[in-house]
Amino acid sequence: MSRLFEVLERLAATVESRKGGDPCASYTAKLLSDPALAAKKLGEEAVETVIAAVAQGPEALASESADLLYHWLALMAATGVSLDAVAEKLEAREGTSGHAEKASRGG
């Protein structure tokens, strides 16, 4: 099993612990206090991750992926979306083909 899940669990706990912190003293607290900023930063990191994947190699991709996951956790915490809620969505899709799942969402 990958260590990623253990690291993400610790990181998620750290992010949660920054709620209510001073946005001037903590970047995480700043993201948590402004969901729109957290969303914007996640978008920036997503683009940087894509660029790393197509043009910068495995080391850059790993680094940008770490940034992406951190900002995703911050956005989830900032908007009050629990990681369990995300897990429920993933579990509901288990055993369903990607095409069928997407078609079931409509639009």
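As a starting point, this report considers the structure included with it. (Residues numbered from 1 in each chain as written. Predicted model: local features only at pLDDT ≥ 70, side-chain atom pairs only at ≥ 80, totals over all residues. Heavy atoms only, no water.)

1. A few points about the packing of helix α1 (residues 4-17) against helix α4 (residues 58-79)
Defined as follows: In this analysis, axes come from line fits to C-alpha atoms, helices being fitted only over the stretch in contact, and the angle between any two N-to-C directions falls in the range 0 to 180 degrees. Numbering of helices and strands runs from the N terminus, with a helix taken as a DSSP run of H or I at least four residues long and a strand as a DSSP run of E at least two residues long. Angle categories: roughly parallel below 35 degrees, roughly antiparallel above 145, roughly perpendicular from 65 to 115, and oblique for all the rest. Crossing chirality is assigned from the near helix's rotation relative to the far helix, an anticlockwise turn below a right angle marking it left-handed and a clockwise turn marking it right-handed. By definition, residues are in contact when any of their heavy atoms lie within 4.5 Å. Note that Gly is not counted as nonpolar here; it falls among the polar residues with everything else outside the nonpolar set of Ala, Val, Leu, Ile, Met, Phe, Trp, Tyr, Cys and Pro and the charged set of Asp, Glu, Lys and Arg.
The interhelical angle for the contact between α1 and α4, taken along N-to-C directions, is 45°, at an axis separation of 10 Å. With respect to their mutual orientation, α1 and α4 come out oblique. Pair α1 / α4 crosses with right-handed handedness. Listed contacts from α4 to L4, L8, L11, A12, V15 and E16 of α1 are L69, Y70, L73, A74 and A77. Its residues placed into classes, the contact of α1 with α4 shows 10 nonpolar, no polar and one charged.

2. Observations regarding the nonpolar core
To keep things clear, this is the line we draw: In these notes, a set of buried Ala, Val, Leu, Ile, Met, Phe, Trp, Tyr and Cys residues joined through side-chain atoms within 4.5 Å is what counts as a nonpolar core. Relative accessibility under 20% of the residue-type maximum defines a buried residue, over 50% an exposed one, and the middle range a partly exposed one, all with a 1.4 Å probe and only protein chains included.
In terms of nonpolar packing, the biggest core is built from 11 residues, these being V15, L31, L32, A38, L42, Y70, A74, L75, M76, A77 and A78. The set of elements that each furnish at least two residues to this core consists of α2 (27-33), α3 (35-55) and α4. A total of six residues in this core trace back to one element, the largest contributor, which is α4.

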